Amino acid sequence: MTKKAHASALPVKPIHHVLWLVWKMVILASIILCVWAFFKLQKYSESPVSPYSSLPRKSRVFLDRFEGNPKIAFLFLARRDLPLDFLWGSFFENADKANFSIYIHSEPGFVFDESTTRSGLFYNRQLKNGIKVVWGEASMIEAERLLLDAALEDPANQRFVLLSDSCAPLYNFSYIYNYLMASPRSFVDSFLDKKDVRYNPKMSPVIPQGKWRKGSQWITLTRRHAEVIVDDEVVFPAFRKFCKRRPPVDASYGKQNLKLQKQHNCIPDEHYVQTLLAMNNLEAELERRTVTYTVWNQSATKMENKGWHPITFSYAGAGPQQIKRIKDINHVYYETEYRTEWCSNNSTSVPCFLFARKFSQGAAMRLLSQGVVGNFEVTALLDSPP
């Protein structure tokens, strides 16, 4: 009886006191979890590079204004040599060397010197870290990123023009320089194709379908947009993994062709830059057109057998009237968006195109003889590399 009475006399802790202790433990646990998550995020953000990318992230100082002589970086994406080097040599001949720089992505190991090019301007301008490029694969956009990365090393480079080895200028250097420097925008052909079937649902959520864009790979960029492309470590890996070209039909594969043709088809270089800039909400900073003119074959037979490919200008097709027709174009119509893009620069109407492709050597010779890009020197054609 005494023990029982003694036990019942012990004080009982109020329920609110117990809840308060539990609440304090929850808060403490939450703080510990937050601190742990913070350090994990710090470690992640400091990790060097995506396993899919060959380019390290670089911290750069964003300057509102570059003090000095701004340059255009001409970025040549070549299979091997530059077959139109005589034309480009004439183009650069009368230009101030302080106004331009040249970078070439070529076949790994290929060197531009007196034995491989007619113009000394191209000597040793090839990238040392070039890669093997396969059309329709992510290696194409990786090569573009390598070119941009190299050109960004020079702070004077303020505009970046991507060109193929068959591109030809339609104007002299002075006109092109003033045209590009007068605009604060990048020139990127970008549109929404409502009939598009190239978007791979596996890209989601990294790449939302609403941000998927299409356009020409031949772009002209401001420095800010070039940095966005080079520093990308999110979109490029997704493209490399999920945007792949379907293999063409090959008779030697027999019945295996049926299986191969069921694969998803995607051409990375026609979507990557456009989609990346859209995802970064930069479309308002673009002229949504290219400054490089291309004519695509319209033959259904050729399309079925070989796929869409640009038509090559021959000597006969590069006469004064044909070139004038290209230079007179002042708008581009985008059928899938019902949009007409009138070509302007700072609210002033301008020709749409500064360059054209694909030009054969014969067509380039005719362009040169017309004095389109500069003074014509016949020795440039005679002094061919061995």
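Nothing here was measured: the structure is a model prediction, and the numbers come from that model.

Quick notes on helix H7 (residues 235-242)
Turning to step 1, where the next piece is worked out: Restricting attention to buried positions, one finds in H7 the residues Val-235, Phe-236, Pro-237, Ala-238 and Phe-239.
Turning to step 2, where the next piece is worked out: Looking at the buried side of H7, the elements it contacts are helix H4 (138-151) and helix H9 (272-279).

A closer look at the nonpolar core
Turning to step 1, where the next piece is worked out: Residues Phe-74, Phe-76, Trp-88, Phe-92, Phe-122, Phe-355 and Phe-359 are the most contacted members of the largest nonpolar core, which totals 53 residues.
Turning to step 2, where the next piece is worked out: Among residues more than four places away in sequence, those in contact with Phe-76 are Leu-82, Trp-88, Ile-102, Tyr-103, Ile-104, His-105, Phe-122, Leu-147, Leu-163 and Ser-164.
Turning to step 3, where the next piece is worked out: Tyr-103, Leu-148, Ala-151 and Trp-212 belong to the second largest nonpolar core, which has 40 residues in total.

A closer look at helix H12 (residues 361-369)
Turning to step 1, where the next piece is worked out: Within the sequence span of H12, burial applies to Ala-363, Ala-364, Leu-367 and Leu-368. For H12, the buried positions fall inside an angular range of 140 degrees around the axis, keeping them on one side.
Turning to step 2, where the next piece is worked out: Gly-371 sits one or two residues past H12 and shows a positive phi near 70 degrees.

A few points about the state of the cysteines
Turning to step 1, where the next piece is worked out: One pass over the structure, following the stated rule, counts 2 disulfides.
Turning to step 2, where the next piece is worked out: Bridging Cys-243 to Cys-266, the disulfide has an S-S length of 1.9 Å. Sign of the S-S torsion, about -75 degrees for the bond between Cys-243 and Cys-266, identifies this disulfide as left-handed. You can see Cys-243 sitting in the loop between H7 and helix H8 (256-260) and its partner Cys-266 sitting in the loop between H8 and H9, a full 23 residues away along the chain. Accessibility classification places Cys-243 together with Cys-266 in one group, the buried group.
Turning to step 3, where the next piece is worked out: In this model Cys-343 forms its disulfide with Cys-352; the gap between the sulfur atoms is 1.9 Å. The chirality of the disulfide connecting Cys-343 with Cys-352 is right-handed, given an S-S dihedral of about 95 degrees.

A few points about the packing of aromatic side chains
Turning to step 1, where the next piece is worked out: Taken as a whole, this structure holds 26 aromatic pairs when the rule is applied.
Turning to step 2, where the next piece is worked out: Between Phe-92 and Phe-100 the ring centres are 4.6 Å apart and the planes differ by 20 degrees, which places this aromatic pair in the stacked class. As far as the burial class goes, Phe-92 and Phe-100 line up, both buried.
Turning to step 3, where the next piece is worked out: Judged by centre distance (5.8 Å) and plane angle (25 degrees), the ring pair of Phe-173 and Tyr-177 falls under stacked. Linking Phe-173 with Tyr-177, this pair stays in helix H5 (residues 173-181), spanning 4 residues, or about one helical turn.
Turning to step 4, where the next piece is worked out: When its relative accessible area of 7% is taken as the criterion, Phe-173 is described as buried.
Turning to step 5, where the next piece is worked out: What links up through ring pairs into an aromatic cluster is the set Phe-74, Phe-76, Trp-88, Phe-91, Phe-92, Phe-100, Phe-122, Phe-173, Tyr-177 and Phe-355.
Turning to step 6, where the next piece is worked out: Above the plane of the ring of Tyr-103 lies Arg-125, whose end atom (NZ or CZ) is 5.3 Å from the centre.
Turning to step 7, where the next piece is worked out: Between the NZ or CZ atom of Arg-145 and the centre of the ring of Phe-236, over which it lies, the distance is 4.4 Å.

What counts as what
Residues numbered from 1 in each chain as written. Predicted model: local features only at pLDDT ≥ 70, side-chain atom pairs only at ≥ 80, totals over all residues. Heavy atoms only, no water. Buried < 20%, exposed > 50% of the residue type's maximum accessible area, 1.4 Å probe, protein only. Helix = DSSP H or I, 4+ residues; strand = E, 2+ residues; numbered from the N terminus. Contact = heavy atoms within 4.5 Å. Core = buried A, V, L, I, M, F, W, Y, C linked by side-chain atoms within 4.5 Å. Arc of directions from axis to C-beta. Disulfide = S-S within 2.5 Å. Phe/Tyr/Trp six-rings, centres within 6.5 Å; stacked < 30°, edge-to-face > 60°. Lys NZ or Arg CZ within 6 Å of the ring centre and 35° of its normal.

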